[in-house]
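An overview of the molecular structure
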Amino acid sequence: MQRKPSWIRAKMPGGDAFFDLRKRVGELGLHTVCESASCPNIGECWNRKSLTIMILGGVCTRSCKFCDVPTGRPLPPDPEEPQRVATILAELGLRHTVITCVDRDDLKDGGAAHWAATIRAVKAAAPELVLEVLTGDFKGDTGAVDVVLAAGPDVLAHNLETVPRLSREVRVQASYARSYAILRHAKARGAITKTGLMLGLGEELGEVRQVLRELREIGVDILTLGQYLRPSRGHLPVARFVTPDEFAALKGEALALGFPHVESAPMVRSSYHADGQRDIVRALAAGAGGQVGPAPRAETA
């Protein structure tokens, strides 16, 4: 395992708020990506009651080379899970939260119906909550995306993770083109959209810039850029540690391209400080149904 530079620092989990939240998550039988993916920010986020619930179980059908979520054969979706998710989010009284999922390639709809049930339950229990959903690619099924969007999430997020050249190596069962098509489709339906990239996997700066341009071509609203950190020796190694100054420069370039909001720093993750984006999302929703930037390109096969 590589030695981390001085700017890579994570707060150790601890404190009453952290342990109370962990206890409640356990009582309700829920999963969080914070724990399952070994997120380095869990201590900081959970102490302000900011967690990212992971639905559709705790076992993923995919084996991405960057991710620490267990891979295997998952159990059938739990029909009671949507209500348990709604229960904890209503209890916490959050203003903005993110829900994500494991990939469920074993399900015909990729879990879209379960997603919709969860969104409806959360909206009923916490109507003032701004809800961001970080979904998989549904194997490219845009009909499944429509099922999710019809339930009324405030933000549809789906991560590209890396540049096209590295996508197959990093995500194995996914592709850049398919993920891009999911974001394009969601934007064409009027959704506020968000995506993220990990840096330090071997990408070149020109490749990152090209991805940013392509994302703005379809009007993606919110962008996150963060440093890839290797969860274990069984995962892809870090090619390099990107400096804070480089992240700051990329943020400036992304904002100049027209992204309404950008989070770019070594410790940034998909849902990192998402709870501070409520006003951004509300402002986007107030303008043209969340539609910003150039008109979406026509759908292609």
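Placed above this text is the structure.
Here goes a summary of the coordinates provided. Predicted model only: the values in this text are computed from it and were never measured.

It is worth spelling out the pairing of strand E4 (residues 130–134) at this point. Side-chain positions along a regular strand alternate between the two faces of the sheet. Burial runs high along E4: five of the five residues are buried. Judged by which residues are buried, E4 turns out to be covered on both faces: Val130, Glu132 and Leu134 on one side and Leu131 and Val133 on the other are all buried. Taken together, the five bridges between strand E3 (residues 96–101) and E4 define a ladder with parallel strand orientation. Looking at E4, one finds that His96 is bridged to Val130. Read from E3 through helix H5 (residues 112–125) to E4, the crossover connection turns out right-handed. Relative to strand E5 (residues 155–157), E4 runs parallel, the two being bridged by three bridges.

Time to look at the sheet that holds strand E2 (residues 52–55). One open sheet holds the eight strands; their spatial order is E1-E2-E3-E4-E5-E6-E7-E8, and the pairing between them is mixed. On the outer flanks of this sheet lie strand E1 (31–32) and strand E8 (261–264), each paired with one strand and no other. Looking at chain direction, E1 and E2 are connected through two bridges and run antiparallel. Bridging from a neighbouring strand, Thr32 pairs with Ile53 of E2.

This paragraph deals with helix H9 (residues 205–217). Every α-helix winds through 3.6 residues per turn, so residues three or four apart in the chain are directed the same way. Its 13 residues give H9 an end-to-end C-alpha distance of 19 Å, which sits within 8% of 18 Å, the value for a rise of 1.5 Å per residue. Those residues of H9 lying buried are Glu207, Val208, Val211, Leu212, Glu214, Leu215 and Arg216.

What follows covers the packing of helix H4 (residues 81–92) against H5. Packed helices, taken two at a time, are described by the angle their axes make and the gap between the axes. Contact geometry of H4 with H5 gives a least axis separation of 8 Å together with a crossing angle of 35°. H5 is crossed by H4, and the crossing has right-handed handedness. In this structure, H4 contributes Glu81, Pro82, Gln83, Val85, Ala86, Leu89 and Ala90 to the contact, and H5 contributes His114, Ala117, Thr118, Ala121, Val122 and Ala125. Of the residues assigned to the contact of H4 with H5, the class counts are nine nonpolar, three polar and one charged.

A word on the side chain of Arg171. Mapped onto the elements of the fold, Arg171 is located in helix H7 (residues 164–171). Although buried, Arg171 forms no salt bridge, and the nearest oppositely charged side chain, Asp137, lies 5.4 Å from it. Of the polar contacts made by the side chain of Arg171, one reaches the side chain of Ser179; its length is 2.9 Å. Not counting residues up to four positions away in its chain, the partners in contact with Arg171 are Cys64, Phe66, His158, Asn159, Leu160, Glu161, Tyr176 and Ser179.

Take the state of the cysteines next. According to the stated counting rule, one finds zero disulfides in the structure shown. The thiol sulfur of Cys64 is not disulfide-bonded, and the nearest other cysteine sulfur, from Cys67, lies at 6.3 Å. Left without a disulfide partner, Cys101 is nearest to the cysteine sulfur of Cys60, which lies 8.0 Å away.

What follows is about the nonpolar core. Core analysis: the biggest nonpolar cluster contains 40 residues, and Ile88, Leu89 and Trp115 have the highest contact counts within it. When residues of this core are traced back to their parent elements, those giving at least two are helix H1 (16–27), E2, H4, E3, H5, E4, helix H6 (142–150) and helix H8 (176–188). A per-element tally of this core places H5 first, with six residues. Once you skip the residues sitting within four places of it in the chain, Leu89 turns out to touch Leu51, Ile53, Leu94, Thr97, Ile99, Val122 and Leu129.

Rules of the game
Residues numbered from 1 in each chain as written. Predicted model: local features only at pLDDT ≥ 70, side-chain atom pairs only at ≥ 80, totals over all residues. Heavy atoms only, no water. Buried < 20%, exposed > 50% of the residue type's maximum accessible area, 1.4 Å probe, protein only. Helix = DSSP H or I, 4+ residues; strand = E, 2+ residues; numbered from the N terminus. Pairing = 2+ DSSP bridges. Right-handed = clockwise from strand over helix to strand, strands pointing away. Expected span 1.5 Å × (residues − 1). Axes fitted to C-alpha atoms, helices over the stretch in contact; angles between N-to-C directions. Left-handed = near helix turned anticlockwise from the far one by under 90°. Contact = heavy atoms within 4.5 Å. Nonpolar A, V, L, I, M, F, W, Y, C, P; charged D, E, K, R; others polar. Lys, Arg positive; Asp, Glu negative; His and termini not counted. Salt bridge = Lys/Arg side-chain N within 4 Å of Asp/Glu carboxyl O. Polar contact = N/O pair within 3.5 Å; in protein donor to acceptor, adjacent residues only side chain to side chain. Disulfide = S-S within 2.5 Å. Core = buried A, V, L, I, M, F, W, Y, C linked by side-chain atoms within 4.5 Å.

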